[in-house]
Amino acid sequence: MEFTFDTGRGAPGTARRLAGERAGQGLLARSWRRFRRDRMAVLGAAIVCGLVLVAVFAPWIAPYDPAQQFDDGLSLEGLPVPSTLPASTRFILGTDANGRDLFSRIVYGARVSLTVGVLANLLAVGIGTLLGAVAGYSGGWVESLLMRFTEIMMAFPTLLLAIALVAILRPSMWVIIFVIGAVYWTWIARVVYGQVLALKAQEFVEAARCVGARNGRIIVRHILPHLLPTAIVWGSLGTASNVMLEASLSYLGIGVRPPTPSWGGMIQQGQQFYRSAPWLVVYPGLAIMLTVFAFNLLGDGLRDALDPVQRKRMEA
Amino acid sequence: MGRFVLRRILLGLPVLLGVSLITFVMIYYLPADPARMYAGPNASVETVARIRQQLGLNDPLWVQYGRYLWRALHGDLGFSYNLQMPVLQAIWARFPYTLQLIAGGILVELLIGIPVGVISALRQYSWLDRAGMIIALLGVSTPPFWLGLLLLFWLAFKVPIFPLGGTGGLQHLVLPAVTAGLGGAAWYARMTRSSTLEAMAADYVRTARGKGMGEGAVLLRHILPNALNPVITMAGMDIPWFVGGVVLVEQVFAWPGIGRMAVEAIHEVDIPLIMGTVVFTALLVVLSSILVDIVQGLVDPRIRHR
C-alpha cells in the first residue's frame, strides 16, 4: 500500500511517483515496516482481530443462547453454579444468577462492547477533527468560540455528564454511542487544533495559497492528510477509553438494557454474589481489561510507527 | 504573580457559566415534570399547576436560567425533592467524603506513578523498565469498579485486613483510595517516564555533567524539576476524569460521597440535585485547574510571563 502527500497539481501520479522514489516508500509502507517490528503492537493487533472475530461469529462460538436459563444452571439453593463442580462441566465458566451460561454471555458481550467502542469513537474522532481543524484554520472569533466551547465541555466531569445525558435520552445502544461520542471528542479537538495551527504556518500551505487554492481545497488536500496519523492513533486509543466508558455506564445500570449481555452490566448484576460466586465479576472484568489493553497496545504501536518524531522524543 | 492568578480566575468564570448553562438547557428538556415530582404522585392536577406557577416553571428558559444564576450567587441551589433538604446542604454533607477520596486517590497516583516512571526512565530498556511499562498499560486498562470488587474480595473478605465498605478511620479509606488512584498511577508512570527521558537528553543536563556535577545532583537539580512539569499539566487535565471515576469507586464501596448522590439523583430525576451536583463538580474541576496553573506558574517562571 502506498500513501504519499502529493500536492495534487500536475499530471496525476507524477508527483506521487517522484515523492515515492525520493522517500523510497510511502508513509504507510514505512510505518507498516516499523509497526511489524514492534512485538507488543502486533500482539495488540492480533488480540483486536481475535475479539472482532469473536463478536462477528458469536453464534458459532458460544455454546448456548446467552439468554437461555438452564434448570441445572442453578444449584439447589438457587445460587449460580461454578465451573469447577463436576456436575456442571457443560458450563465452562459457570453460570450467572439466572442460570445462564456465563461464557456464552461474555462471547455475545463482545458485540456490544466493540460496536459501542468503535462507533462512538468514529463519532468522537469525526467531531473532534472537524471542530479542531475548523478552529485552528479559521482563527478569529470562530476559533475563540469553538475553543471556549471545547474548554467548557472539558470542565464537565466526563462520566457524570455521560450519565446525565443517558438519563435524559433513555438508555439504548444508539443513545450510548451518541453520548460517548458527544463527551469524548474534546481531547481530539484539542490535539487536532494544535496540529492545524502548526500546519497552517507551513510553507506548503502558503505555496498552495499563492497558486490560488481556495480554503476548502487547502483543508481537504493539504491539512487533512496530515491529520490522518493522529486520527488513526486516536482511533485506537479512543476506542480503548470508550470501551471502558461503556462498561462503566453499564456497571452503573444506565447502559445497554439488561437482556442484551454487556460486560459492565454483567459485573453489576454479579456483584451482589461476589463473595459466593466471584467468577461472575472476575471473567467479564477480564474481558473488559483484555479489550482495553489490546486497543491501548495497538494505539501505542500505531503512534510509534506513524510518528517517528514523537517516538524519538519519547525515547529520547 | 498576583496578576497571573487574577487572570487565571477570570478565565475560569466563563467556563463555569457555560457549564451551568449547558446543564440547565439539558435538564430543561428532561422528559419529566419538576412540579409533579415536587407535589408527589397523589397531588391533584390543580395543585401541580399551582406549584408549577409558584416555581416559575411557566417562564421562558432564559428567565428561569437567570433566576437560577441569581439564586446560586446567593448560595441557594434549590431544594432537593428526594432528600427533602436544600441542595447546597446536601452537597456540603457529602463533600468531605468525596474530598477524602480524591485526596487519597491523588496521593496513590503520585506516590506510585512518579517513582515508577522515573525508575523506568533511568533504567531504559532494562527488564525493569519493560515490566513496569507493561504493568502500567495493564493498570490503565483495568476497570476501576472491577479492581475495587477484586480488592474487596481478597483484602476484605478472604483475608479480612480492611473493612468491607462504609466510612470511618483510615483503614476504610485505603481500598477506595487505591481503587481510585491505581489507573491514574499507571498514566503518571507512562507520562513521567517519557518526560524524564526527554529531560535526560536535554543540553542543560549534558552541561551539568560536563562541569563535573554528580549523577545524584544532576537528577535532583536538573532532570526531575523539568521532567515533572508536564506531569503537573497532566494532573490538571486529569481531574475531570478523576472526578468522574470517583463516581464508580463510591458505588463499589458504598462511599457516601457526591458521586453516588449524583447517580441517585439522576435515577430519581431529582432535578435541582442533578443540576447542583453537576455545577458543583464542574466548579471543583475549574478551581483545581486554576490551582494547577498557579502551581505550574510557581514552578516554571516561563508560564507566568506568557
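The rules behind these values
Residues numbered from 1 in each chain as written. Chains lettered and ligands numbered in written order. Predicted model: local features only at pLDDT ≥ 70, side-chain atom pairs only at ≥ 80, totals over all residues. Helix = DSSP H or I, 4+ residues; strand = E, 2+ residues; numbered from the N terminus. Buried ≥ 20, exposed ≤ 12 C-beta atoms within 10 Å, placed from the backbone. Contact = placed C-beta atoms within 7 Å. Axes fitted to C-alpha atoms, helices over the stretch in contact; angles between N-to-C directions. Parallel < 35°, antiparallel > 145°, perpendicular 65-115°, else oblique. Left-handed = near helix turned anticlockwise from the far one by under 90°. Nonpolar A, V, L, I, M, F, W, Y, C, P; charged D, E, K, R; others polar. Core = buried A, V, L, I, M, F, W, Y, C linked by C-beta atoms within 7 Å. pLDDT = per-residue confidence, 0-100.

A. Here's a closer look at the overall build of chain A. When helices and strands are counted, chain A shows 13 helices and zero strands. If you list the helices and strands of chain A from N to C, you get α-α-α-α-α-α-α-α-α-α-α-α-α. Of all 316 residues assigned to chain A, the portion counted as buried reaches 44%. Across chain A, the fraction of contacts at a sequence separation of at least 24, relative to all contacts at a separation of at least 6, is 70%.

B. Layout of the overall build of chain B. Along its length, chain B carries 13 helices and two strands. Expressed as lengths along the three principal axes of its C-alpha atoms, the size of chain B is roughly 85 × 55 × 30 Å. For chain B, the proportion of its 306 residues judged to be buried stands at 38%. Excluding contacts between residues fewer than 6 apart, the proportion of contacts in chain B whose partners are at least 24 apart in sequence is 73%.

C. Just the environment of Ala 72 of chain B, in detail. Along the chain, the position of Ala 72 of chain B falls in helix α4 (residues 61-73). Ala 72 of chain B gets classed as partly exposed once you count the C-beta atoms within 10 Å, which come to 17.

D. Representation of the packing of helix α8 (residues 170-200) of chain B against helix α10 (residues 215-252) of chain B within the structure. Residue and element names in this part refer to chain B. In the contact formed by α8 and α10, the axes pass within 9 Å of each other and the chain directions differ by 160 degrees. By the angle between their axes, α8 is roughly antiparallel relative to α10. Seen along the crossing, α8 lies across α10 with a hand that is right-handed. In contact with Pro 176, Thr 179, Ala 180, Gly 184, Tyr 188, Met 191, Thr 192, Ser 195, Thr 196, Ala 199 and Met 200 of α8, α10 contributes Ile 223, Asn 226, Ala 227, Pro 230, Val 231, Met 234, Asp 238, Phe 242, Gly 245, Val 246, Val 249 and Val 252. Split by residue class, the contact of α8 with α10 holds 15 nonpolar, seven polar and one charged.

E. Focus on the nonpolar core. In terms of nonpolar packing, the biggest core is built from 147 residues, with Ala 162, Ile 163 and Ile 180 of chain A touching the most fellow members. Examining the composition of this core, we find that 16 residues originate from one element, helix α12 (residues 279-306) of chain A, more than from any other.

F. Main features of the environment of Met 200 of chain B. Summarising the element assignment, Met 200 of chain B is placed in helix α8. For the pair formed by Met 200 of chain B and Asn 226 of chain B, sequence separation is 26 residues and the distance between their alpha carbons is 9.3 Å.

G. Local environment of the confidence of the model for chain A. All names here are of chain A. Confidence in the prediction for chain A averages 81 pLDDT; 84% of positions are at 70 or higher. Counted against residues more than four places away or in other chains, residues 1-23, with its pLDDT under 50, gives 23 contacts. Here residues 311-316 is a poorly scored stretch, pLDDT under 50, and it has nine contacts once near neighbours within four places are set aside; other chains count.

H. Quick look at the packing of helix α1 (residues 2-28) of chain B against α4 of chain B. Residues and elements named next belong to chain B. Where α1 meets α4, the closest approach of the two axes is 11 Å, and the angle between their N-to-C directions is 130 degrees. When the axes of α1 and α4 are compared, the pair comes out oblique. As for the relative orientation of α1 and α4, their crossing is right-handed in sense. Of the residues in α4, those touching α1 at Ser 20, Leu 21, Phe 24 and Tyr 28 are Leu 61, Tyr 65, Tyr 68 and Leu 69. Residue composition of the contact of α1 with α4, by class: seven nonpolar, one polar and no charged.

I. Here's a closer look at the interface of chain A and chain B. Facing the 37 residues of chain A at the interface are 41 residues of chain B. For the side of chain A that touches chain B, the elements supplying multiple residues, two or more each, are α6 (140-155), α7 (158-169), α10 (215-251), α12 and α13 (308-315) of chain A. Tallied by class, the residues present in the side of chain A that touches chain B amount to 27 nonpolar, five polar and five charged.

J. Representation of unusual backbone geometry within the structure. All names here are of chain B. Unusually for a residue other than glycine, Tyr 125 sits at a positive phi of about 70 degrees. Mapped onto the elements of the fold, Tyr 125 is located in the loop between α5 (87-122) and α6 (127-140). A count of 9 C-beta atoms within 10 Å places Tyr 125 in the exposed class. One non-glycine residue with positive phi stands out, namely Ala 254, at about 50 degrees. The topology assignment puts Ala 254 in the loop between α10 and α11 (258-267). For Ala 254, a count of 12 C-beta atoms within 10 Å translates into the label exposed.

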